[in-house]
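The chain contents come next:
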Amino acid sequence: MMNLSVTQIQGLKENVAGEVLVPGQDAYESARKIWNAMVDKHPALIVRCAAHLDVVHAVNFARDNGLVLAIRSGGHNIAGSAMCDGGLVIDLSQMKAVSVDPEQRRVSIESGLTLADIDAATQACGLATPVGINSTTGVAGLTLGGGFGWLSRKYGLTIDNLVSAEVVIATGEVLRTSATEHPDLFWALRGGGGNFGVVTHFEFQLHPVGPDVLSGLIVYPIAEAKSVLQQYREFIAQAPDALSVWVVLRKAPPLPFLPDSVHGTGIIALAVFYADDPQQGEPLVEPLRKFGTVLGEHVGVQPYTAWQQAFDPLLTPGARNYWKSHNFSTLDDGLFDVVIQYIDTLPSPQCEIFFAALGGVTSQPSPDSTAYAHRDARFAMNVHGRWDDSADDQRCIDWARDFFEASAPFASGSVYVNFLSADEGDRIRNAYGVNYDRLAQVKRKYDPENLFCTNQNIQPG
Ligand SMILES: Cc1cc2nc3c(=O)[nH]c(=O)nc-3n(C[C@H](O)[C@H](O)[C@H](O)COP(=O)(O)OP(=O)(O)OC[C@H]3O[C@@H](n4cnc5c(N)ncnc54)[C@H](O)[C@@H]3O)c2cc1C
């Protein structure tokens, strides 16, 4: 990296409408903090873009000065790829323009939107597009890795609803991409992450959702986990696409609908969401209440936007986090034994193992129709190692790694790119799967010098 002169930095400041933050400023200190407190990187510059031309200037500046470049939108990536040491961060978090076209059922957004922002704008028109389950996540990073949440079994991955995207590539050119404009790049953006340029705008297809939906939690004791998991496996295999049920195993948080005596004890919770008319959903949900001894239940009709934020209190920024993840095409009894064994030895009250149900419409496209290859994944399992004190780092990380190893024999071998931790470079090919080589060719065409390298990196082919 070249040493930057005051004059060079001043030149950049004069070119951009947003802020250029450097070490020593309070705003720099807060801007370099991201969701995962394990990440403590010190970029030379953070360009807080206010307009998409700022992105062009920042890309050109980084390239011309040989700076490592990172891209931050929501700052949620567990691997901390939104930040870099010594380089330039393009921070899009302030770019929050959004416009909904209710007739065409489309939403056009800038890249700084969080899931809460896009849900608020689209739900004002009774519409939504599938995104994730924690409302402070950035739409941009989530989309570029694939994106899934409560609506995905019914309406597909987030990328399956992407209509177009505007990208600043390594030369500083701005390209509009869609099925008919730079289709190779549009293909690569849908699962290939931030490898190809800085996306400044996304346009998504919307669907009628809510505004009220049937959703909530049904909680069973961990002692019944194996039977609950077995019944869940049968249930979800038959469930309609509109019904999504995810499973979380952890220590019970102090939820008001659980008796005090349950707080802090091992539980298995079914998180239930029905995408269509709540009345139709009621009888479909009923069998989930009969899997065993219900410790507590909170399933009812509530605004979609409220359900989209229901898990936020458990996923606040600022904790230390280490994740390991596997995809599964089937759930084996042997896997259930391993899960239960590791829930017995949770290293902190915030750690959890969850299974997201995919399938439904997400499985319909062929693996090479978008860069996201894992259309056969019926479940994404994530070990959320989460704790507060750095003294617990090794213990919690070891627990997550050990569980990951023990559960590997039952997994499909693939992994969701957005769940990879910083030390999982050896799993990058598993994350891009059969599409890696084609992605490498697109990378060579649009970013031959690998300017966009602070990510789950695809080497130019
Ligand atoms: C608590 C939590 C819950 C989650 N739940 C879900 C979920 O339900 N479903 C799901 O699919 N995922 C989920 N994720 C994973 C999430 O999709 C990834 O963490 C994703 O990277 C977050 O995007 P971001 O914009 O917030 O990330 P950032 O950290 O800002 O960016 C991550 C990377 O994405 C790329 N990137 C970001 N913005 C751009 C851009 N504008 N142009 C080009 N590249 C860009 C860059 O490579 C960047 O390094 C969750 C993550 C967390 C922490």
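So, here is what we can say about the structure in this document.

1. Some words on the packing of helix H1 (residues 6–15) against helix H3 (residues 52–64)
As a packed pair, H1 and H3 sit with axes 9 Å apart at the nearest point and diverge in direction by 160 degrees. With respect to their mutual orientation, H1 and H3 come out roughly antiparallel. The interaxial crossing formed by H1 with H3 has right-handed handedness. Contacts between H1 and H3 involve Gln8, Leu12 and Asn15 from the first element and Asp54, His57 and Phe61 from the second. Among the residues making up the contact of H1 with H3, the classes are represented as 2 nonpolar, 3 polar and 1 charged.

2. Description of the site of the ligand
The environment of the ligand is formed by 34 residues, the closest being Ser73, Gly75, Ser81, Phe148 and Tyr416. Contact distances for the ligand include 3.0 Å between an oxygen atom and a backbone N or O atom of Gly74. When the ligand sits alone it has 950 Å² of accessible area, and the protein chains cover 98% of it. Secondary structure elements with two or more residues in the shell around the ligand: strand E3 (69–72), helix H5 (139–145) and strand E10 (198–205). Per-class residue counts for the shell around the ligand are 15 nonpolar, 18 polar and 1 charged.

3. Quick word on the pattern of salt bridges
Taken as a whole and assessed by the stated rule, the structure comprises 24 salt bridges. Note that Asp91 and Arg48 form a salt bridge whose closest N and O atoms lie 3.2 Å from each other. In this pair, Asp91 is assigned in strand E4 (residues 88–91) and Arg48 in strand E2 (residues 45–48), connecting sequence segments 43 residues apart. The exposure classification of Asp91 matches that of Arg48, with both residues buried. Each of the salt bridges in this network shares a partner with another, and the network as a whole consists of Glu286, Arg289, Lys290 and Glu297.

4. Details of the pairing of strand E9 (residues 174–178)
Two strands pair when backbone bridges link them, and strand E8 (residues 162–168) and E9 are joined in this way by 5 bridges, in the antiparallel orientation. In the sheet register, Val167 faces E9, and the bridge partner there is Leu175. Between E8 and E9, which pair antiparallel and follow one another directly, the connecting turn spans 5 residues, one of which, Gly172, has a positive phi of 95 degrees.

5. Describing the nonpolar core
With 79 residues, the main nonpolar core has Tyr232, Leu270, Ile353 and Phe355 as its most contacted residues. Once you skip the residues sitting within four places of it in the chain, Leu270 turns out to touch Gly216, Leu217, Ile218, Tyr220, Val228, Tyr232, Val245, Trp246, Val247, Leu288 and Phe291. Grouped together as the second largest cluster of nonpolar side chains are 39 residues, Leu162, Ala371, Tyr436 and Val442 included.

6. Re the side chain of Thr362
Tracing the chain through its elements places Thr362 in the loop between strand E17 (352–357) and strand E18 (379–387). Here the side chain of Thr362 touches Gly359 through a polar contact of 2.7 Å, landing on its backbone oxygen. Beyond its immediate sequence surroundings of up to four residues, Thr362 is in contact with Ser152, Gly156, Leu157 and Arg375.

Calculation notes
Residues numbered from 1 in each chain as written. Predicted model: local features only at pLDDT ≥ 70, side-chain atom pairs only at ≥ 80, totals over all residues. Heavy atoms only, no water. Axes fitted to C-alpha atoms, helices over the stretch in contact; angles between N-to-C directions. Helix = DSSP H or I, 4+ residues; strand = E, 2+ residues; numbered from the N terminus. Parallel < 35°, antiparallel > 145°, perpendicular 65-115°, else oblique. Left-handed = near helix turned anticlockwise from the far one by under 90°. Contact = heavy atoms within 4.5 Å. Nonpolar A, V, L, I, M, F, W, Y, C, P; charged D, E, K, R; others polar. Near = heavy atom within 4 Å. Polar contact = N/O pair within 3.5 Å; in protein donor to acceptor, adjacent residues only side chain to side chain. Areas by Shrake-Rupley, 256 points an atom, 1.4 Å probe, with all protein chains shown as cover. Salt bridge = Lys/Arg side-chain N within 4 Å of Asp/Glu carboxyl O. Buried < 20%, exposed > 50% of the residue type's maximum accessible area, 1.4 Å probe, protein only. Pairing = 2+ DSSP bridges. Core = buried A, V, L, I, M, F, W, Y, C linked by side-chain atoms within 4.5 Å.

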